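So you can see what is in the structure, the chains are spelled out below.
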Amino acid sequence: GAVVSQHPSWVICKSGTSVKIECRSLDFQATTMFWYRQFPKQSLMLMATSNEGSKATYEQGVEKDKFLINHASLTLSTLTVTSAHPEDSSFYICSARSARGPRGYTFGSGTRLTVV
Amino acid sequence: GNSVTQMEGPVTLSEEAFLTINCTYTATGYPSLFWYVQYPGEGLQLLLKATKADDKGSNKGFEATYRKETTSFHLEKGSVQVSDSAVYFCALDMEYGNKLVFGAGTILRVKS
């Protein structure tokens, strides 16, 4: 079955530093990848949609310069949280959709980011 | 716009009890419907799906039927286990759309 690997699973960083989160589709080509943010006991908030080779489409209210998304290949998308602050602490989840076959979304296992 | 409404949780049940988590949707067109499950500290896993009216999705003892007339996709299980404790998300996907639309999620707690 389709597998999406997300790395790291958790990270602690200092305020002001940048953190990169990777999302890889291991056994399929992902035309589109999605990045979500999840606050404790809340639903997933879609941050942005990225298509391979083009700029990401950000949802309203999401700062493009703060959350940099790159989708350089059909198997890799990255989310970089720049100049992180404690309020950026959250659970980030990626999802990928295959370029072929039935429409389906495969999720990564998530990244717990803590900014201290 | 398209939206999904789920019953609020948490839902607390004893082991072997019957489970229902209600989900209704609003959509212009004919969505595919999904239930995802999230265990603590993990990402989402697809539990089941249905792509057209009257389809029944099933997996691991869970079932949900796509009811177009009531725009519903309620999740049921006849006998829950402690290991079913998780957050359950109902979602829809439009054929012409480009993203999943999620409900708020329902926390399920099963006590032994």
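Conventions we followed
Residues take numbers from 1 onward in each chain, read along the sequence in its written order. Each chain gets a letter, beginning with A, and each ligand a number, beginning with 1, in the order they are written. Note on the predicted model: pLDDT of at least 70 is required for a residue's local features to be given, and 80 or more for side-chain atom pairs to be given and counted; whole-chain, interface and lining totals, by contrast, use all residues. To get the side-chain values, take all heavy atoms of the structure and skip hydrogens and water. Here a helix means four or more residues in a row that DSSP labels H or I, a strand means two or more in a row labelled E, and each is numbered from the N terminus. For accessible areas, the Shrake-Rupley method is used with a probe of radius 1.4 Å. Any residue's cover is judged against the shown protein chains and nothing else. By the counting scheme adopted, Arg and Lys are positive, Glu and Asp are negative, and His together with the chain ends is not counted. Note on charges: their place is set at NZ of Lys, CZ of Arg, CG of Asp or CD of Glu. Throughout, disulfides are identified as pairs of cysteine sulfur atoms within 2.5 Å of each other. The cut-offs for exposure are 20% and 50% of the maximum accessible area for each residue type, with area from a 1.4 Å probe on protein chains only; residues under the lower value are buried, those over the upper are exposed, and the others partly exposed. Each pair of aromatic rings taken from Phe, Tyr and Trp, with Trp reduced to its six-membered ring, is defined by centres within 6.5 Å and is described as stacked if the planes are under 30 degrees apart, edge-to-face if over 60, and tilted in the remaining cases. The contact criterion used throughout is that any non-hydrogen atoms of two residues lie within 4.5 Å. Simply put, the buried area is the total loss of 1.4 Å probe accessible area from both parts when two parts are fitted together. The working definition used for a salt bridge is a side-chain nitrogen of Lys or Arg within 4 Å of a carboxyl oxygen of Asp or Glu. N or O atoms closer than or at 3.5 Å make up a polar contact, with two conditions inside protein: a donor-capable atom paired with an acceptor-capable one, and, for residues adjacent in sequence, both atoms drawn from side chains. Under the scheme applied here, ten amino acids are nonpolar (Ala, Val, Leu, Ile, Met, Phe, Trp, Tyr, Cys and Pro), four are charged (Asp, Glu, Lys and Arg), and all others, including Gly, are polar. Strands are treated as partners if at least two bridges between them are detected by DSSP. Axis lines are fitted through C-alpha atoms, for helices just across the contact stretch, and the angle between N-to-C directions can take any value from 0 to 180 degrees.

**Considering the overall build of chain A**
Right, so step 1: Check the secondary structure of chain A and you find 0 helices and 11 strands.
Right, so step 2: A principal-axis box enclosing the C-alpha atoms of chain A has dimensions of 40 × 25 × 20 Å.
Right, so step 3: When the accessible surface of chain A is summed, it comes to about 5,700 Å², and 52% of that surface belongs to carbon and sulfur atoms.
Right, so step 4: The distance from the centre of the 12 positive side-chain charges to the centre of the 8 negative ones in chain A is 3 Å.

**What to know about the state of the cysteines**
Right, so step 1: What the rule picks out here adds up to 2 disulfides over all chains.
Right, so step 2: Each disulfide pairs two cysteine sulfurs, and for A:Cys23 the partner residue is A:Cys94, the sulfurs being separated by 2.0 Å. The S-S bond linking A:Cys23 to A:Cys94 shows a torsion near 80 degrees; that makes this disulfide right-handed. Of this pair, A:Cys23 sits in strand S3 (residues 19-25) while A:Cys94 sits in strand S9 (residues 90-98), placing them 71 residues apart in sequence. Taken individually, A:Cys23 and A:Cys94 each receive the classification buried, so the pair is uniform in this respect.
Right, so step 3: Between the sulfur atoms of B:Cys23 and its disulfide partner B:Cys90 the distance amounts to 1.9 Å. Across the S-S bond linking B:Cys23 and B:Cys90, the dihedral sits near -70 degrees, which makes this disulfide left-handed. Linking B:Cys23 in strand S4 (residues 23-26) with B:Cys90 in strand S10 (residues 86-93), this pair joins segments that are 67 residues apart in sequence.

**What to know about the packing of aromatic side chains**
Right, so step 1: By the definition in use, this model includes 11 aromatic pairs over all chains.
Right, so step 2: Relative to B:Tyr66, the ring of B:Tyr25 lies with its centre 6.0 Å away and its plane at 80 degrees, an arrangement referred to as edge-to-face. You can see B:Tyr25 sitting in strand S4 and its partner B:Tyr66 sitting in the loop between strand S8 (62-65) and strand S9 (75-77), a full 41 residues away along the chain. Taken individually, B:Tyr25 and B:Tyr66 each receive the classification buried, so the pair is uniform in this respect.
Right, so step 3: Feature note: the residues A:Tyr36, A:Phe107, B:Phe34, B:Tyr36, B:Phe89 and B:Phe102 constitute an aromatic cluster, connected by ring pairs.

**Digging into the interface of chain A and chain B**
Right, so step 1: If you look at the interface, chain A gives 19 residues, while chain B gives 18 residues.
Right, so step 2: The contact between chain A and chain B buries some 1,500 Å² in all, and 52% of this surface belongs to carbon and sulfur atoms.
Right, so step 3: Linking chain A with chain B are 1 salt bridge, by the criterion used here.
Right, so step 4: Our enumeration of links across chain A and chain B arrives at 5 residue pairs in polar contact (both at pLDDT 80 or more).
Right, so step 5: Counting residues per element, the side of chain A that touches chain B draws most heavily on strand S4 (residues 30-38) of chain A, which supplies 4 residues.
Right, so step 6: Along the lines of polarity and charge, the residues of the side of chain A that touches chain B split into 8 nonpolar, 8 polar and 3 charged.

**Thoughts on the pattern of salt bridges**
Right, so step 1: Within this structure, the stated rule accounts for 6 salt bridges over all chains.
Right, so step 2: B:Lys99 is the salt-bridge partner of A:Glu59, the closest N and O atoms lying 3.2 Å from each other. Taken together, the positions of A:Glu59 in the loop between strand S6 (57-58) and strand S7 (67-73) and B:Lys99 in the loop between S10 and strand S11 (100-102) put the pair across two chains.
Right, so step 3: Judged by relative accessible area, A:Glu59 falls into the partly exposed class, the value being 24%.
Right, so step 4: A salt bridge links A:Asp88 to A:Lys66; the shortest N-O distance between them is 2.9 Å.

**Thoughts on the sheet that holds strand S7 (residues 56-59) of chain B**
All names here are of chain B.
Right, so step 1: Pairing within the open sheet is antiparallel, and its 4 strands lie in the order S3-S9-S8-S7. Looking at strand neighbours, the two that pair on one side only are strand S3 (19-21) and S7, the edges of this open sheet. This sheet shows a mean twist of 15 degrees between the axes of neighbouring strands, independent of strand direction.
Right, so step 2: Here S7 pairs with S8 via 4 bridges, running antiparallel. Bridging across to S8, glycine 57 finds its partner in alanine 64.

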